[in-house]
Amino acid sequence: MSKYALIIDYKYCTGCHTCEVACRKEKGLPVEEYGIKVTKQGPVKLGGAWMYDYVPIPSSLCDMCEDRIEAGKRPACVHHCLGACMTAVPIEKIGETVSGKGEKVVCFIP
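How each quantity is defined
Residues numbered from 1 in each chain as written. Predicted model: local features only at pLDDT ≥ 70, side-chain atom pairs only at ≥ 80, totals over all residues. Heavy atoms only, no water. Buried < 20%, exposed > 50% of the residue type's maximum accessible area, 1.4 Å probe, protein only. Helix = DSSP H or I, 4+ residues; strand = E, 2+ residues; numbered from the N terminus. Pairing = 2+ DSSP bridges. Axes fitted to C-alpha atoms, helices over the stretch in contact; angles between N-to-C directions. Polar contact = N/O pair within 3.5 Å; in protein donor to acceptor, adjacent residues only side chain to side chain. Contact = heavy atoms within 4.5 Å.

Student: Honestly, unusual backbone geometry in this entry has me stumped. Any pointers?
Tutor: Trans peptide bonds make up most of the peptide bonds, and negative phi angles are found at most residues other than glycine. Here the bond from G42 into P43 is cis, since omega is 5 degrees, no more than 30 degrees from zero. Despite not being glycine, A84 shows a phi value in the positive range, around 50 degrees. By relative accessible area, which is 61% here, A84 ends up exposed. One non-glycine residue, K104, adopts positive backbone phi at about 60 degrees. Along the polypeptide, K104 turns up in the loop between α4 (94-98) and β5 (105-108).

Student: Looking at this model, I keep getting lost on the sheet that holds strand β1 (residues 4-9). Mind explaining?
Tutor: Within a sheet, neighbouring strands are paired by backbone hydrogen bonds and run either parallel or antiparallel to one another. Spatial strand order, β4-β1-β5: three strands in an open sheet with antiparallel pairing. Unpaired on one side and paired on the other, β4 (86-90) and β5 mark the two borders of the sheet. Across the sheet, the mean angle from the axis of one strand to that of its neighbour is 25 degrees, orientation sign disregarded. When β1 meets β5, the two strands line up antiparallel, connected through four bridges. Note on β5: the bridge partner recorded for I7 is C107.

Student: How should I be thinking about the side chain of T97 in this particular structure?
Tutor: Tracing the chain through its elements places T97 in helix α4. Polar side-chain contacts of T97 include one of 2.7 Å to the backbone oxygen of K93. Those residues within four positions of T97 in sequence are excluded, and the remaining contacts are I7 and V89.

Following this line, the structure appears as C-alpha cells:
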C-alpha cells in the first residue's frame, strides 16, 4: 500500500471540530487524547490585515486511518469534514494536489 499524506486547505476550515470527534470515535480515543486537533490562530493584525484562522493539526496518534484507506474509504476526519478542507492522497501526488490551491495549505505525513 502506498503511503498517504493529509492535505489540509485550512482557508476553508470553519473550526467546527467535526474532524476531532470523527477521529476520536473511529479510534476509540478517550476525551483527553486526540488524533487531530483544531487550533485557532488569531485574531491578530499582520501587515495591516487581520488574520483569524482555524488549522486542524494531526497528532502522533494519527495513522491516517490506514485500515479505512485499505478498505477503500477516506480517513474519518476527511470523510466527516464539513468544510471539505482535507484530502488524503498518496505521497506521490502531493505536488499535483497542492499546486493551484493557493495560500493556507499544509501537508501532514504520519
